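Spelled out, the chains give:
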Amino acid sequence: MAIKLILTDIDGTVLPQGQKVVSRRTIAAIHAALDAGLVVGPASGRGFAWIPAFFGGDDACCATALATNGMQIYVSGEKVMEQTLPAAALERVRAITAETPGAGLVCFDDMVPLVASGTRGDLTRAFPAYGEKCVELGRLPEFAVVKANVFFDVDRAMPIYSNIMPRGWNKGAAVRWLADHMGVGLDEVVVFGDADNDLPMFAAVPNSVAVSGASPEAAAAARWHIGACEDDAVAAAIEALARGEWPFSR
């Protein structure tokens, strides 16, 4: 089967929990696929500025990327598409979260989380890494926002952190846009993931692949299933695709 484009989620798919950089094998597998003429890159909820560090600063691994759940699309290192969030709608979200104890809205200026409502402590409980880096702004930033998240404490044991996306736009819409931009058929694309924000991408692409340990919804939606992130299952699959082999059977 001819595959031209490979996209993979990062967290929990190629980056094990608690790790800051993907394995050397993953980076080598991506380069093998690139050398074979395939296009390979991440499809992540992370903003693009955060992504290269996960690949050890190897820009070739993320020159093509869907960032911020597809709000930003990069091809050959250049941004070719970007969605922004409507300011009026975002202000309504900010006002609602400002009135909700333990809740808040965070917007991003590249790698800097800006707390538009709520507090640093609330954000830290929901997403510790962002809480450590945030700036408490208390309002929306003046620039057009690409990445924003709502966070709130259901109870002290389970904070919630949710993406804000334009209606109808997600990783799936972004994959379709990228495939059309590249002149690639969706049946020539393989996508890897593990979480619920990968569901639209799985629905868009016939060859969707879930790693072991994926959410029940993602596992049920995927056409193919492989081993665990921690065992470099995605790297092994990419290596096979780079050799022209088909690694999926279940």
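Preceding this paragraph is the structure being described.
The paragraphs below set out a description of the structure included in this document. Along each chain, residues carry numbers from 1 onward, in the same order as the chain's sequence is written. Whole-chain, interface and lining totals are the exception, using all residues; otherwise, since this is a predicted model, local features are given only for residues with pLDDT of at least 70 and side-chain atom pairs are given and counted only at 80 or more. Only heavy atoms go into the side-chain values, all of them from the structure, while hydrogens and water stay out.

Quick word on the overall build of the protein chain
(1) Moving on: If you tally the helices and strands in the protein chain, you get nine helices and 13 strands.
(2) Moving on: Each radius of gyration reported is based on C-alpha atoms, and the globular scaling rule is 2.2 Å times the count of residues to the power 0.38. For 250 residues, the compact-globule estimate of 2.2 N^0.38 gives 18 Å, and the C-alpha radius of gyration of the protein chain, at 18 Å, lies within 12% of that figure.
(3) Moving on: Reported as C-alpha extents along the three principal axes, the dimensions of the protein chain are approximately 55 × 35 × 30 Å.
(4) Moving on: Whether two residues touch is decided by their heavy atoms; if any such pair falls within 4.5 Å, the residues are in contact. Across the protein chain, every contact between residues at least 6 apart in sequence was considered, and the portion connecting residues at least 24 apart equals 56%.
(5) Moving on: Within the structure as shown, the protein chain displays about 11200 Å² of accessible surface, and the carbon and sulfur contribution to it stands at 52%. Helix and strand assignments follow DSSP, with helices taken as H or I runs no shorter than four residues and strands as E runs no shorter than two, numbered in order from the N terminus. Throughout, the Shrake-Rupley method with a 1.4 Å probe supplies accessible areas, and for residues the shown protein chains are the sole cover considered.

Examining the sheet that holds strand β5 (residues 78-82)
(1) Moving on: DSSP bridges decide pairing: two strands pair if at least two such bridges lie between them. The sheet built from three strands is open, its strands ordered β3-β4-β5 with antiparallel pairing. Each of the sheet's edge strands pairs with one partner strand only, and the pair in question is β3 (65-67) and β5. Within the sheet, the average angular offset between the axes of one strand and its neighbour, ignoring direction, is 25 degrees.
(2) Moving on: Bridging between β3 and strand β4 (residues 72-75) involves three bridges; their strand directions are antiparallel. The residue bridging Ala67 from the neighbouring strand is Gln72, located in β4.
(3) Moving on: A fitted line through C-alpha atoms serves as each axis, taken over the contacting stretch for helices, and the angle formed by two N-to-C directions is quoted from 0 to 180°. Sheet strands touched by helix α6 (residues 171-182): β3, β4 and β5. Its angle to β4, the strand with the most contacts, is close to 30 degrees.

Here's the deal with unusual backbone geometry
(1) Moving on: A positive phi angle, near 50 degrees, is found at Thr68, a position not held by glycine.
(2) Moving on: Tracing the backbone shows Thr68 in the loop between β3 and β4.
(3) Moving on: Three labels apply to residues, based on accessible area from a 1.4 Å probe with only protein chains included: buried if under 20% of the type maximum, exposed if over 50%, partly exposed otherwise in between. Under the relative-accessibility criterion, Thr68 is labelled buried at 3%.
(4) Moving on: Phi at Ser76 is positive, roughly 50 degrees, even though this residue is not glycine.
(5) Moving on: Within the element layout of this structure, Ser76 appears in the loop between β4 and β5.

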